[in-house]
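Chain by chain, the residues run as shown.
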Amino acid sequence: MEEFSLYVLDITMNSVRAGADKIEIKLEEQGDTLTFTVTDNGCGMSPETVKKLSDPFFTTRKTRSVGLGVPFLKMLAEQTEGSLTIESKEEATHPDDHGTKLTAVFGYHHIDFIPLGNMIDTVMTLIQGYPDIDFTYDHITPRGTVHLSCEELRAVLGEDISLASYEVLEWIRGYLTEGYEEIDQK
Amino acid sequence: MKSLEELMAIRDKMQDKVAVRHASDDIRVVVGMATCGIAAGARPVLNAFVEGVANEGLAERVTVTQTGCIGICQYEPIVEVYEKDKEKVTYVKMTAEKAKEVIERHLKGGKPITEYTIGKVIS
Ligand SMILES: Nc1ncnc2c1ncn2[C@@H]1O[C@H](COP(=O)(O)OP(=O)(O)OP(=O)(O)O)[C@@H](O)[C@H]1O
Ligand SMILES: [Mg+2]
């Protein structure tokens, strides 16, 4: 994949599929590194599963026998002299505080890093597909932060209006576009 | 800056429509969004459907949803169209351009574009 934003979309989909209803996506630019974290309250994984995760031949999906998402991300991290770590608490053993936190660090200015791509499309795609999940998105840069919280939007919209309605999606696109314009001007 | 006031205005405008909203989901467009789909270009395809359906005034009849891996990764991006009392139509190797055509000819016009369907591409 040639856009970093597609990795973000793909990795966040793992949290969606794990049944999470709260998912925090954070991108933090700091000096030469970009740190990407996804924190969810989904079903989690056992320590053995976490260990196997960097093996492309591990997947719990039924439709094919290889999982590609995490191995792809790990490759990109290592190729830019970064790293990937996953902490997880399985529902079976941690019924009250289960979930997963994935942290990937990249050499942001490394020659093998790829363009960030369209983060706005990634956030919009997630909200369009899963309007009932509480996504939080923070892109922190030295020039400022772009922040979006579905919970905050839902507080304004009330119960009846879906975040996936087109009018709302368009507002979100406008909001994020302006947020990015603001930090790009600095 | 886009303000929460603007969002409130959207809410007020929509609140009257909410009741009618779920009246009929005659057609369901499902886009495969697993790693294989995303890597092959599913995100712009999905966006083209979301935008097109809204802009063509099809939102009352057509819902656009996402799914995981459909299981034939080499043909991604894959889009399935479900319509009441009709056979499922599976489009393969989709692009945003083809999505616009599908909206025009299939969703609006009622005629599936066989050239883009799985039967046609494989045989
Ligand atoms: N956030 C998460 N919570 C719970 N389980 C996870 C999470 N992320 C990954 N997993 C587990 O790890 C497996 C491998 O993930 P990976 O993204 O590499 O492949 P996949 O999602 O199975 O398939 P693909 O990403 O290629 O569509 C998943 O099938 C799932 O069982
Ligand atoms: Mg995955």
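Residues numbered from 1 in each chain as written. Chains lettered and ligands numbered in written order. Predicted model: local features only at pLDDT ≥ 70, side-chain atom pairs only at ≥ 80, totals over all residues. Heavy atoms only, no water.

Asker: Sorry, what's going on with the packing of helix α6 (residues 166-184) of chain A against helix α4 (residues 42-55) of chain B here?
Answerer: When two helices pack together, their arrangement is captured by the angle between the axes and the distance separating the axes. Two elements in contact, α6 of chain A and α4 of chain B, have axes whose closest approach is 11 Å; the angle formed by their N-to-C orientations is 125°. Judged by the angle between their axes, α6 of chain A and α4 of chain B are oblique. Between α6 of chain A and α4 of chain B lies a crossing whose hand is left-handed. Seen from α6 of chain A, the contacting residues are Y166, L169 and R173 of chain A; seen from α4 of chain B, they are N47, V50, E51, A54 and N55 of chain B. Classifying every residue of the contact of α6 of chain A with α4 of chain B by side-chain character gives four nonpolar, two polar and two charged. (Axes fitted to C-alpha atoms, helices over the stretch in contact; angles between N-to-C directions. Helix = DSSP H or I, 4+ residues; strand = E, 2+ residues; numbered from the N terminus. Parallel < 35°, antiparallel > 145°, perpendicular 65-115°, else oblique. Left-handed = near helix turned anticlockwise from the far one by under 90°. Contact = heavy atoms within 4.5 Å. Nonpolar A, V, L, I, M, F, W, Y, C, P; charged D, E, K, R; others polar.)

Asker: What is the right way to read helix α4 (residues 119-129) of chain A from this model?
Answerer: Because each turn of an α-helix spans 3.6 residues, side chains separated by three or four positions in sequence point in the same direction. Residues and elements named next belong to chain A. Of all 11 residues in α4, 10 are buried, a share of seventy percent or more. Within α4, the full set of buried residues consists of M119, I120, D121, T122, V123, M124, T125, L126, I127 and Q128. Where α4 begins, the capping side chain belongs to N118, and its oxygen is found 3.1 Å from the backbone nitrogen of I120. (Buried < 20%, exposed > 50% of the residue type's maximum accessible area, 1.4 Å probe, protein only. Polar contact = N/O pair within 3.5 Å; in protein donor to acceptor, adjacent residues only side chain to side chain.)

Asker: Even after reading the chapter, I still don't get the packing of α6 of chain A against helix α1 (residues 4-15) of chain B, so can you show me in this structure?
Answerer: In the contact formed by α6 of chain A and α1 of chain B, the axes pass within 10 Å of each other and the chain directions differ by 170°. Classed by the angle they form, the pair α6 of chain A and α1 of chain B counts as roughly antiparallel. The residues of α1 of chain B that touch α6 of chain A, namely those facing E167, V168 and W171 of chain A, are L4, E6, L7, I10 and M14 of chain B. The class makeup of the residues in the contact of α6 of chain A with α1 of chain B is six nonpolar, no polar and two charged.

Asker: I would appreciate a short explanation of the sheet that holds strand β2 (residues 62-67) of chain B in the present structure.
Answerer: The pairing of strands in a sheet happens through backbone hydrogen bonds and is either parallel or antiparallel. All names here are of chain B. Strands sit in the order β2-β1-β3-β4 across an open sheet of four strands; the sheet is mixed. Single-partner strands in this sheet number two, and they are β2 and β4 (89-91). If you compare each strand with its neighbour and ignore which way they point, the axes differ by 20° on average. As paired strands, strand β1 (residues 27-32) and β2 are joined by six bridges and run parallel to one another. Its bridge partner lying in β2, V30 is registered against T65. (Pairing = 2+ DSSP bridges.)

Asker: I keep staring at empty space enclosed by the protein and nothing clicks. Help me out?
Answerer: Gaps left between atoms are located by rolling a probe of water-molecule size over the structure's atoms. In the structure shown here, the tally under the stated rule is two cavities of 30 Å³ or more. Of the pockets and cavities examined, the largest cavity occupies roughly 80 Å³. For the largest cavity, the full set of lining residues is M124, T125, Q128, Y166, L169, E170 and R173 of chain A together with N47, V50 and E51 of chain B. Those elements giving two or more residues to the lining of the largest cavity turn out to be α4 and α6 of chain A together with α4 of chain B. For the lining of the largest cavity, the element with the highest residue contribution is α6 of chain A, accounting for four residues. (1 Å grid on protein atoms, 1.4 Å probe; cavity = no way out; pocket = protein on both sides within 12 Å on 5 of 7 lines; lining within 4 Å. Points joined across faces, edges and corners; volume = space filled by probe spheres on them.)

Asker: Is there a simple way to explain the sheet that holds strand β4 (residues 99-107) of chain A in this structure?
Answerer: Residues and elements named next belong to chain A. The six strands are arranged β3-β4-β2-β1-β5-β6 in an open sheet whose pairing can be described as mixed. Two strands bound the open sheet, and with one partner strand each, they are β3 (83-89) and β6 (144-149). For this sheet the average axis-to-axis angle between neighbouring strands, irrespective of direction, equals 5°. Where strand β1 (residues 22-30) meets strand β2 (residues 33-40), eight bridges bridge the pair, whose relative direction is antiparallel. Among the inter-strand pairings, E24 is bridged to a residue of β2, identified as T39.

Asker: When you look at the confidence of the model for chain B in this model, what are you seeing that I'm missing?
Answerer: Interpreting fine coordinate detail is not advised for predicted regions of low pLDDT. Counting all residues, the mean pLDDT for chain B is 90, and 90% of those residues have values of 70 or more. In the predicted complex, the global pTM is 0.93; the interface-specific ipTM is 0.90. (pLDDT = per-residue confidence, 0-100.)

Asker: What should I look at first to understand the pairing of β1 of chain B in this one?
Answerer: Regular strands have side chains that alternate between both faces of the sheet. Residues and elements named next belong to chain B. For β1, the buried fraction is high: five of the six residues fall into the buried class. Sheet topology places β1 next to strand β3 (residues 79-83); five bridges connect them, and they run antiparallel. Each residue of the ladder has a partner; that of V30, found in β3, is E80.

Asker: Help me understand the interface of chain A and chain B in this model?
Answerer: A common way to express how large an interface is: the accessible area buried when the components associate. Contacts between chain A and chain B engage 38 residues on the former and 34 residues on the latter. For the pair chain A and chain B, the two sides together bury roughly 3,100 Å², of which 64% comes from carbon and sulfur. On the chain A side of the contact with chain B, V156, Y166 and W171 of chain A bury the most area, a combined 22% of that side's loss. Viewed at the interface, chain B and chain A are joined by one salt bridge. Between R43 of chain B and E3 of chain A there is a salt bridge whose closest N-O contact spans 2.9 Å. Run the count over chain A and chain B and you get 11 residue pairs in polar contact (both at pLDDT 80 or more). (Buried area = accessible area lost by both parts, 1.4 Å probe. Salt bridge = Lys/Arg side-chain N within 4 Å of Asp/Glu carboxyl O.)

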